[in-house]
Amino acid sequence: ARAQRGAADLTGIEELKPALSYDDLQKMANVADTPVKRAAFELLRDTAGREPEIARIRVGDVLLEDGIVRLYDKSHTTVRDSIPISESTKAAIQPLLTGKSPDAPLFPFGSRKTASTILNKLVEDLAEAANIGAATKIRAKDIRTAVATYTSLEAIKAGHSPALV
């Protein structure tokens, strides 16, 4: 049977438990001890971007004055999304912009495959340093899942569609 239009079934919604809590995300941010680690973590958290999308960010894709970062498709020819970034993310990115041309990569990660590996290793290292996820490896996708889950839960609790957030 189809659900009645406008009625939301919230049964079991409180049981949604991503691998990372809000506190875990903050702990990871606190142990990001280099400019590259901090900026990569902040961008993963703020944008919920996939590893290759974060790795493909170029200096010119960061619009600090507007508080936006552009994420591109695989070919880096079409903007997939322009995403607002927090003040902490702006501060984390700033040191990586200095002295680089707009076409320069923001991160020194190399190829897309290498970048995914490096970003996942970076996230694992942050989780380990923050004493999170001892039983399982924490990956970049766990940050995406946590951000999406918490954003959706807040939207639903406020009576909005998560798709509109």
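All of these numbers come straight from a predicted model, not from anything done at the bench.

## A word on the overall build of the chain
The helix and strand inventory of the chain stands at six helices and three strands. For the chain, the sequential pattern of α-helices and β-strands runs α-α-α-β-β-β-α-α-α. Burial statistics for the chain: of 165 residues in total, 40% are counted as buried. Put simply, of all contacts in the chain between residues at least 6 apart along the chain, 58% involve residues at least 24 apart. In the form shown here, the chain has an accessible surface area of approximately 9700 Å², with 52% of it arising from carbon and sulfur atoms.

## Things to note about the confidence of the model for the chain
Atomic detail in the predicted coordinates should be set aside for any region of low pLDDT. Of all residues in the chain, 78% have pLDDT values of 70 or greater, and the mean over the chain is 81. When mean pLDDT is compared element by element in the chain, strand β1 (residues 62–63) scores highest at 96, while helix α6 (residues 140–157) scores lowest at 76. Note that residues 1–7 has pLDDT below 50 and, in this model, zero contacts with residues that lie over four places away or in other chains.

## Here's the deal with the environment of D81
In this fold, D81 is placed in strand β3 (residues 79–84). As for D81 and R70, which are separated by eleven residues in sequence, their C-alpha atoms are 5.8 Å apart. Residue contacts for D81: discarding those within four places in its chain leaves V69, R70 and L71.

## Focus: helix α2 (residues 35–47)
In this model α2 runs 18 Å from its N-terminal to its C-terminal C-alpha over 13 residues, within 8% of the 18 Å that 1.5 Å per residue would give. Restricting attention to buried positions, one finds in α2 the residues A39, A40, F41, E42, L43, L44, R45 and T47. Following α2 by one or two positions, A48 adopts a phi angle in the positive range, close to 55°.

## Considerations on the sheet that holds β3
Strand order across the open sheet formed by three strands is β1-β2-β3, with antiparallel pairing between neighbours. Each edge of the open sheet carries a strand with a single partner, namely β1 and β3.

## A look at the nonpolar core
If you look at the biggest cluster of nonpolar residues, it comprises 42 residues, and the most contacted ones within it are M28, L43, L106, F107 and I143. Taken together, the elements giving at least two residues each to this core come down to α1 (22–31), α2, α3 (51–55), β2 (68–72), α4 (87–97), α5 (112–129) and α6. Here L43 is in contact with A48, I54, I57, V69, I85, T89, I93, L106 and F107, once residues within four sequence places are set aside.

## Overview of the pattern of salt bridges
Should their charged atoms come close, side chains of opposite charge can pair. Under the criterion given, the structure shown has ten salt bridges. Across the salt bridge formed by K37 and D33, the nearest N and O atoms sit 3.4 Å from each other. Among the residues examined, D33 registers a relative accessible area of 59% and is labelled exposed. Put simply, R38 and E42 hold a salt bridge, and the shortest N to O gap is 3.0 Å. Taken as a pair, R38 and E42 lie in helix α2 at a separation of four residues, close to a single helical turn. Taking relative accessible area as the criterion, R38 reaches 24% and is therefore assigned partly exposed. Counted as one network, the salt bridges with shared partners bring together R50, E53, R80 and D81.

## Considering the packing of α1 against α2
A pair of packed helices can be characterised by two numbers: the angle between their axes and the separation between those axes. α2 packs onto α1 with a crossing angle of 155° between their chain directions and a minimal axis gap of 9 Å. Here α2 runs roughly antiparallel to α1, going by the angle between their axes. Where α1 crosses over α2, the handedness of that crossing is left-handed. Note on element contacts: α2 touches α1 through R38, F41, E42 and R45, opposite L25, Q26, M28, A29 and N30. Grouping the constituent residues of the contact of α1 with α2 by class yields four nonpolar, two polar and three charged.

Definitions and limits used
Residues numbered from 1 in each chain as written. Predicted model: local features only at pLDDT ≥ 70, side-chain atom pairs only at ≥ 80, totals over all residues. Heavy atoms only, no water. Helix = DSSP H or I, 4+ residues; strand = E, 2+ residues; numbered from the N terminus. Buried < 20%, exposed > 50% of the residue type's maximum accessible area, 1.4 Å probe, protein only. Contact = heavy atoms within 4.5 Å. Areas by Shrake-Rupley, 256 points an atom, 1.4 Å probe, with all protein chains shown as cover. pLDDT = per-residue confidence, 0-100. Expected span 1.5 Å × (residues − 1). Pairing = 2+ DSSP bridges. Core = buried A, V, L, I, M, F, W, Y, C linked by side-chain atoms within 4.5 Å. Salt bridge = Lys/Arg side-chain N within 4 Å of Asp/Glu carboxyl O. Axes fitted to C-alpha atoms, helices over the stretch in contact; angles between N-to-C directions. Parallel < 35°, antiparallel > 145°, perpendicular 65-115°, else oblique. Left-handed = near helix turned anticlockwise from the far one by under 90°. Nonpolar A, V, L, I, M, F, W, Y, C, P; charged D, E, K, R; others polar.

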